[in-house]
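Working through the structure, step by step
Okay, here's what each chain looks like letter by letter:
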Amino acid sequence: MAEPIVRFVGIGKTYDGVSRVVDDLHLDIERGEFLTLLGPSGSGKTTTLMMLAGFEAPTAGEILLEGNPVSRLPPHRRQIGMVFQNYALFPHMTVAENIGFPLSVRRVSGAEIERRVQRALAMVQLSDFGGRRPAQLSGGQQQRIAVARALVFEPKLVLMDEPLGALDKQLREQMQLEIRRLHRELCVTMVYVTHDQSEALTMSDRIAVFRHGRIQQIGTPDAIYRRPANAFVARFIGENNRLTGIVALRDGDVCVVRSSGGIELAGVCGEPLAAGARALLSIRPEQITVGGADGLDCALAGTLAETIFLGDHVRLRVAVPGLADIVVKGPAVAVPPEGSAVRLGWKAADCRVFALEED
Ligand code: ADP
Ligand code: MG
């Protein structure tokens, strides 16, 4: 396999000498991939990015860039493009001068700068805006200019830290697709930070889920969504029905959990959990079938307590004796009236069992 473009080898960081903000981080970033660092605020994402960029020094471990240790390399010698949440364009420069700045500090000739700036402007679909000042642009346009500036010197590695955080939802979703398109066209390696799980799922080849400075799980969006490694990842990404109980039986990776109401449900478990342990059973709302269907392992009887119509789908809240209410997401067709008796079913393979989170 090709050498990773970046390797974090046992990286640690503490600002105060006590709390480890990044804790024994081992992470390989593959050449050309779109890797997202996803996690709640304070989980160490920005610190990780800053160490890679060279603005913070690790307190343990080594970062390798194309196989070479970077500890003595200042930021400007790392050849990394960066985009931050606050666009940080130079207000006194025109858009073209802003984009050209990384080239002029690299002593690229005037004609070449002009050519590359035009290409970068076209890339972010703002060809006619080179003569404006940043203040004459909307927030979304300013952020596109920041993206163009990060890409103009053709870095192999581009870091983006919550670059779309200040934009409204519609613009954010449009920019997500645009950045993804640029990533594919330019074949750069992208390391992207966000706390927004849907953004991470939309954009990434791989997602690293951070908590307390440690990676909880790293994998494709599909793997992270379908096979979360622990209760934290399951809770942080996507929606879950969470049923707590005690492990009644463990057989290989199948785990049967008994609720306090005495209901037993089976699921897949990847953690070391023995009989008698407290456990969390997690099932996604869209994996539950209402009414009978073949091939379902679990069947529960309940009462439809609430229906919420959302246009393209409905959300049902079903009261099940002996369990917490269960939320079901399904097609908005043939929904029985509230108060009806309903049967719920799912496959044990879609159901995950986790150790209860310690907080
Ligand atoms: P994230 O980007 O995931 O929100 P950060 O890397 O910014 O997380 O922060 C991780 C932790 O480190 C937080 O508890 C934060 O308060 C602390 N921290 C970040 N930067 C500094 C700093 N320059 N000095 C002291 N503590 C910091
Ligand atoms: Mg941050």
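Residues numbered from 1 in each chain as written. Chains lettered and ligands numbered in written order. Predicted model: local features only at pLDDT ≥ 70, side-chain atom pairs only at ≥ 80, totals over all residues. Heavy atoms only, no water.

1. Considerations on the side chain of Asn98
Inspection of the secondary structure puts Asn98 in helix H2 (residues 95-104). Side chain to side chain, Asn98 and Arg149 meet in a polar contact 3.4 Å long. Apart from the residues within four sequence positions on either side, Asn98 is in contact with Leu89, Phe90, Met93, Pro134 and Arg149. (Helix = DSSP H or I, 4+ residues; strand = E, 2+ residues; numbered from the N terminus. Polar contact = N/O pair within 3.5 Å; in protein donor to acceptor, adjacent residues only side chain to side chain. Contact = heavy atoms within 4.5 Å.)

2. As for the sheet that holds strand S18 (residues 326-330)
What the five strands build is an open sheet, ordered S15-S19-S16-S17-S18; its pairing is antiparallel. Across the chains shown, the open sheet's two edge strands, defined by having one partner strand only, are strand S15 (289-290) and S18. Where strand S17 (residues 314-319) and S18 come together, five bridges link them in antiparallel fashion. Bridged to Val318 within S18 is Ile326. (Pairing = 2+ DSSP bridges.)

3. Examining unusual backbone geometry
The phi angle at Gln79 is positive, at roughly 60°, despite the residue not being glycine. Phi is positive for Glu154, close to 50°, though the residue is something other than glycine. Within the secondary structure layout, Glu154 lies in the loop between helix H4 (139-151) and strand S7 (157-161).

4. So, the environment of Gly270
Along the chain, the position of Gly270 falls in the loop between strand S13 (264-269) and strand S14 (278-283). C-alpha separation for the pair Gly270 and Asp253, spaced 17 residues apart in sequence, amounts to 6.2 Å.

5. With respect to the site of ligand 1
Close to ligand 1 lie Tyr15, Val21, Pro40, Ser41, Gly42, Ser43, Gly44, Lys45, Thr46 and Thr47. Gly44 has a polar backbone atom sitting 3.0 Å from an oxygen atom of ligand 1. Compared with its free state, where it exposes 560 Å², ligand 1 has 56% of that area covered by protein. (Near = heavy atom within 4 Å. Areas by Shrake-Rupley, 256 points an atom, 1.4 Å probe, with all protein chains shown as cover.)

6. Some thoughts on the nonpolar core
Ranked by size, the top nonpolar core spans 34 residues in total, and within it Ile99, Ile145, Val147, Met160 and Ile179 carry the most contacts. Listing elements by their share of this core, those giving two or more residues are H2, helix H3 (110-123), H4, S7, helix H5 (169-186) and strand S8 (189-194). If one sorts the elements of this core by residue count, H4 sits on top with six residues. The residues contacting Met160, other than those within four sequence positions of it, are Leu49, Val83, Val147, Ile179, Met190, Val191, Tyr192 and Val193. (Core = buried A, V, L, I, M, F, W, Y, C linked by side-chain atoms within 4.5 Å. Buried < 20%, exposed > 50% of the residue type's maximum accessible area, 1.4 Å probe, protein only.)

7. Quick word on the sheet that holds strand S2 (residues 22-29)
Read from one edge of the open sheet, four strands run S2-S1-S4-S5, paired in antiparallel fashion. The strands lining the two open edges of the sheet, one partner per strand, are S2 and strand S5 (68-69). As judged from the five bridges shared by strand S1 (residues 6-13) and strand S4 (residues 60-65), these two strands associate in the antiparallel manner. In the strand pairing of S4, Gly12 is matched with Ala60.

8. Focus on the state of the cysteines
Across all of its chains, the model carries zero disulfides by this definition. Looking at Cys269, it has no disulfide partner, and the nearest cysteine sulfur is the one in Cys255, 4.4 Å off. Relative accessible area serves as the criterion here: at 2%, Cys269 is assigned to the buried category. In this model Cys298 remains outside any disulfide bridge; the closest cysteine sulfur is found in Cys351, 5.9 Å from its own. (Disulfide = S-S within 2.5 Å.)

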